[in-house]
Amino acid sequence: MAVQEVRIVEVGPRDGLQNEAAEIPTEVKVHYIDLLTAAGFGWIEVTSFVHPRAVPRMADADAVFRSIHKKPGVRYVALVPNPRGLDRALGAGVTYLALFVAATESFSRANINRAIDQSLDDARAVVEQARPRGMNVRAYISVVFGCPYEGPVAVAQVRRVAERVFELGVDEVVLGDTIGVATPSDVSRVMDDLLQLAPVERWGLHFHDTRGIAVANVMAGLDLGLTKFDSSAGGLGGCPFAGPGAAGNLATEDLLYLLDGLHIRHGVDLDGVMAASRYIVNAIGHPLTSKVFQAGGRPRTITAPSPSPSGRGLIKG
Ligand code: MG
């Protein structure tokens, strides 16, 4: 049956801001997240309790998490890489966790200086403390569709990692196209295989729009019955492995416009997301990459020009 409703995790405050060059004041992050809450998201990934030396942009994770205005029913997720991060997250009142492992050894070592086995040990230590507390855990697998160091990634390799991540006892696994190389046929090929491991509701998709194909990849996911997608308001985040100005995360505005056109429910207000994007664009110092944001949102009719004396029209293609 066609998908009727999806769940979006807004990742702009974490995955977006983490990859921005500009220093964003804590109070700006907090107001940004409050605007996203007002836009109606059920899930917002707000920050990351990584070591401040590794990701200086997230050094204020505690303050951000404590200061946001939490709307009842909204899941405010924090990324937690290891037990030390979990201690900080618990102190700040986090109950929804995200953790990450990589699909390739090269990316794991480059990204977090850990072999996949070691990162799974960290993840296990986090989950073992989180589960008895009733915390919800989502696990990202990065570079599922391609690795900047190893190139194409075999599905069997992804499945081996995913199998071990599910064994830890996480609620869902989110497949990341970290460098934005997937096309719809890749999504179908990979998911056909992985859906043998766990049902659709246990998988999320995290696309990057580096090559402009993210929305098409969402379509491929929807065709397979997937209902969980990550996106970032405005497309915030850039892509650290592409050139400056390259698009990063799938833009929330673009995703919402697609879903609205397909009459798929999502519970988020496009204008509200655009208000958040307009707010943060001043702080990041460069334009946002979302096509729908750039176009001003939904189409609006404008006043037609009065007939020109020459009798010629606008002659636009
Ligand atoms: Mg991302």
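To keep things clear, this report deals only with the structure shown in the data block. (Residues numbered from 1 in each chain as written. Predicted model: local features only at pLDDT ≥ 70, side-chain atom pairs only at ≥ 80, totals over all residues. Heavy atoms only, no water.)

1. What to know about the side chain of Glu45
Thinking step 1. By secondary structure assignment, the location of Glu45 is in strand β2 (residues 43-48).
Thinking step 2. The exposure class assigned to Glu45 is buried, which follows from its relative accessible area of 0%.
Thinking step 3. A polar atom in the side chain of Glu45 sits 2.6 Å from the side chain of Tyr140.
Thinking step 4. In contact with Glu45, other than residues within four places in its own chain, are Val9, Glu10, Val11, Pro13, Arg14, Val77, Leu79, Ala98, Arg138 and Tyr140. (Helix = DSSP H or I, 4+ residues; strand = E, 2+ residues; numbered from the N terminus. Buried < 20%, exposed > 50% of the residue type's maximum accessible area, 1.4 Å probe, protein only. Polar contact = N/O pair within 3.5 Å; in protein donor to acceptor, adjacent residues only side chain to side chain. Contact = heavy atoms within 4.5 Å.)

2. Points about helix α6 (residues 116-130)
Thinking step 1. For α6, built from 15 residues, the straight-helix expectation of 21 Å at 1.5 Å per residue is met to within 8% by its first-to-last C-alpha distance of 21 Å.
Thinking step 2. Taken as a whole, α6 has its buried residues at Ile116, Ser119, Leu120, Asp122, Ala123, Val126, Val127 and Ala130. Buried residues in α6, looked at end-on, bunch into an arc of 155°, giving them a common side.
Thinking step 3. The secondary structure elements touched by the buried residues of α6 are α4 (83-92), β4 (96-102), α5 (105-112), β5 (136-142) and α7 (155-167). (Expected span 1.5 Å × (residues − 1). Arc of directions from axis to C-beta.)

3. Some points on the pairing of strand β6 (residues 172-176)
Thinking step 1. Burial analysis of β6 places five of its five residues in the buried class, which makes it a mostly covered element.
Thinking step 2. Here four bridges tie β5 to β6, and the two strands are oriented parallel to one another. Pairing of Tyr140 across the sheet is with Val174, part of β6.
Thinking step 3. A crossover connection joins β5 to the parallel β6 through α7; in handedness this β-α-β unit is right-handed.
Thinking step 4. One ladder, built from four bridges, connects β6 with strand β7 (residues 203-206); its direction is parallel. When the bridges of β7 are listed, Leu175 appears paired with Leu205.
Thinking step 5. Following the chain from β6 across helix α8 (residues 184-194) to the adjacent parallel β7, one finds a crossover that is right-handed. (Pairing = 2+ DSSP bridges. Right-handed = clockwise from strand over helix to strand, strands pointing away.)

4. Let's talk about the coordination of the magnesium ion
Thinking step 1. Distances from the magnesium ion to its protein donors, namely Asp15 (OD), His206 (NE2), His208 (NE2) and Asn249 (OD1), fall within the range 1.8 to 2.2 Å.
Thinking step 2. In primary sequence terms, the donor set of the magnesium ion follows D-x190-H-x1-H-x40-N. Here His206, found in strand β7, pairs with Asn249, found in the loop between β8 (228-231) and α10 (252-261); they are 43 residues apart in sequence, far enough to count as distant.
Thinking step 3. Take Asn249: its relative accessible area is 2%, and that puts it in the buried class. (Donors = N, O, S within 2.8 Å, 3.2 Å for Na, K, Ca; no water.)

5. Regarding the environment of Phe207
Thinking step 1. In this structure, Phe207 sits in the loop between β7 and α9 (214-223).
Thinking step 2. Put simply, Phe207 and Ala182 are 25 residues apart on the chain and 8.2 Å apart in space, counted from C-alpha to C-alpha.
Thinking step 3. Discounting chain neighbours no more than four positions away, the residues touching Phe207 are Phe145, Asp177, Val187, Ala214, Asn217, Val218, Asn249 and Leu250.

6. Observations regarding the sheet that holds strand β1 (residues 7-10)
Thinking step 1. Taken together, the eight strands give a closed barrel; going around it, the order is β1-β2-β3-β4-β5-β6-β7-β8, and neighbouring strands pair in parallel fashion. Looking at each pair of strands side by side, their axes are set apart by 30° on average, direction ignored.
Thinking step 2. Its contacts with the sheet put α6 on β4 and β5, and the angle it makes with β4 is roughly 165°. (Axes fitted to C-alpha atoms, helices over the stretch in contact; angles between N-to-C directions.)

7. Regarding the nonpolar core
Thinking step 1. Counting residues in each nonpolar core, the largest one holds 95 residues, and the members touching the most others are Phe49, Leu97, Ile141, Val165, Val170, Leu175 and Trp203.
Thinking step 2. In contact with Leu175, other than residues within four places in its own chain, are Ile141, Val144, Val158, Met191, Leu194, Trp203, Gly204, Leu205 and His206.
Thinking step 3. One finds Val9, Ala98, Phe100 and Tyr140 within the second-largest nonpolar core, a separate group that totals nine residues. (Core = buried A, V, L, I, M, F, W, Y, C linked by side-chain atoms within 4.5 Å.)

8. Considering α8
Thinking step 1. Buried residues of α8: Asp186, Val187, Val190, Met191, Asp193 and Leu194, and no others. When α8 is viewed along its axis, its buried side chains cluster within an angular range of 155° and face the same direction.
Thinking step 2. Among the structural elements, α7, β6, β7 and α9 are those in contact with the buried residues of α8.

9. Comments concerning unusual backbone geometry
Thinking step 1. Of note, the phi angle at Asn113 is positive, near 60°, even though the residue is not glycine.
Thinking step 2. Locating Asn113 in the fold gives a position in the loop between α5 and α6.
Thinking step 3. Exposure remark for Asn113: the relative accessible area of 64% places this residue in the exposed category.
Thinking step 4. A positive phi angle, near 60°, is found at His263, a position not held by glycine.
Thinking step 5. Mapping His263 onto the fold places it in the loop between α10 and α11 (270-284).
Thinking step 6. In this structure His263 comes out as exposed when scored by relative accessible area, which is 71%.

10. Examining the packing of aromatic side chains
Thinking step 1. Inspection of the entire model under this criterion finds four aromatic pairs.
Thinking step 2. Pairing Phe145 with Phe207 gives two aromatic rings, centres 6.2 Å apart and planes at 40°, and the pair type is tilted. With a gap of 62 residues between them, Phe145 in the loop between β5 and α7 and Phe207 in the loop between β7 and α9 connect regions that are remote in the sequence.
Thinking step 3. The ring of Trp43 has Arg7 lying over it, and the distance from NZ or CZ to the ring centre is 4.5 Å. (Phe/Tyr/Trp six-rings, centres within 6.5 Å; stacked < 30°, edge-to-face > 60°. Lys NZ or Arg CZ within 6 Å of the ring centre and 35° of its normal.)

11. Observations concerning the environment of Ile33
Thinking step 1. Take Ile33: it is sitting in helix α2 (residues 26-38).
Thinking step 2. Ile33 sits 87 residues away from Leu120 along the chain, and the two C-alpha atoms are 30 Å apart.
Thinking step 3. Those residues in contact with Ile33, other than ones at most four positions away along the chain, are Pro13, Ile44, Val46, Val64, Ile68 and Tyr76.

Read these as geometric descriptors, not functional statements.
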